[in-house]
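These are the residues of each chain, in order.
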Amino acid sequence: MNATTAKGQTAPAHVGMLQLLNGVFITGAISCLARLGVPDLVEHGPKSVEELAAQIGADPRALYRLMRATACVEVLLEGPDGKFSETPLSAVLRSNANPSLRAFAIILGSEWHGRGWSELEYCVRTGKQALDKIYGEPIFQFFEKRPEEAQLFNQAMNDLSTIDGPAVADAYSFDGIHSIVDVAGGHGLLLATILARNPHIKGTLYEVPHVLRAPRTDRSSR
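Remember, predicted model here, so these are calculated numbers, not experimental data. All chains use their own residue numbering, which begins from 1 and follows the written sequence. Local features in a predicted model are, by the rule used here, given only for residues with pLDDT of at least 70; side-chain atom pairs are given and counted only at 80 or more, and totals for whole chains, interfaces and linings are based on all residues. No hydrogens and no water enter the side-chain calculation; it runs on all heavy atoms of the structure.

## Quick notes on unusual backbone geometry
- Geometrically, the link from Asn98 to Pro99 is a cis peptide bond, its omega value of 5 degrees lying close to zero.
- Runs of H or I in DSSP of at least four residues are treated as helices and runs of E of at least two as strands, each being numbered from the N terminus. Considering the arrangement of structural elements, one finds Pro99 in the loop between α6 (88-91) and α7 (102-108).
- For Glu74, which is not a glycine, the phi torsion comes out positive at approximately 70 degrees.
- With respect to the secondary-structure elements, Glu74 resides in the loop between α5 (60-71) and β1 (77-78).
- A positive phi angle, close to 90 degrees, is found at Leu76, a residue other than glycine.
- Categorising residues by exposure relies on relative accessible area from a 1.4 Å probe, with only protein chains included: less than 20% of the type maximum marks a residue as buried, more than 50% marks it as exposed, and the intermediate range marks it as partly exposed. Note on Leu76: relative accessible area 2%, which makes it buried.

## Comments concerning the packing of helix α4 (residues 49-56) against α5
- Angles run from 0 to 180 degrees between N-to-C directions of axes, and those axes are lines fitted to C-alpha atoms, restricted for helices to the stretch in contact. As a packed pair, α4 and α5 sit with axes 9 Å apart at the nearest point and diverge in direction by 110 degrees. Relative to α5, the element α4 is oriented roughly perpendicular. The crossing of α4 and α5 is right-handed. Where α4 abuts α5, its residues Val49, Leu52, Ala53 and Ile56 lie against Pro60, Leu63, Tyr64 and Met67.
- The residue inventory of the contact of α4 with α5, partitioned by class, reads 8 nonpolar, no polar and no charged. Any angle that is under 35 degrees is reported as roughly parallel, and any over 145 degrees as roughly antiparallel; angles of 65 to 115 degrees are reported as roughly perpendicular and all others as oblique. We call a crossing left-handed when the near helix sits turned anticlockwise from the far one by less than a right angle, and right-handed when that turn is clockwise. By definition in these notes, contact holds between two residues if any of their heavy atoms fall within 4.5 Å. Ten residue types, Ala, Val, Leu, Ile, Met, Phe, Trp, Tyr, Cys and Pro, are classed as nonpolar, four, Asp, Glu, Lys and Arg, as charged, and the remainder, Gly among them, as polar.

Written out as structure tokens, the structure reads:
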């Protein structure tokens, strides 16, 4: 994708590259906004920064800068009165949205996720997993010891399945198939979607115990 100027001309390569490199900061701001729960709070109408800061326990000036930054990419809308409103992009960051990308946005800003990406060169040079090096254990053992992080990850995977699951189930013909196994299928939302469209199939979900024990909070029935 080429960067363009206000007149529609192709921008210099360094401008396009700066836009790409700044993407990490945009992701961080959106992740923070989701973690603070701001999209939930503006669902029913515009709110001032002072109102929001009091509700979430934040510094008003810092929160204003965060919200202005996300408004620059149409995640929130700042009105002439200084109040912030919901946009279609901020709406999908609500906890009650269907589909919701709140959990996915939060994990992209999580410490473990950032540390993993900081070791990408190690992964490319060795073919090994970064988190094994950083934490001394595979990612799912890491999650087993950190249930809050695991719950966010599982929720993010469920939310993504509500988006791509129906497309997968509709795109493939399961005629002649009588049994299907979903390996590492999380809470089984994709498998359940396939089975709902193909009741003749027997499905088996294969997962590690701590994932299966975790409470289900998917939004497929909303």
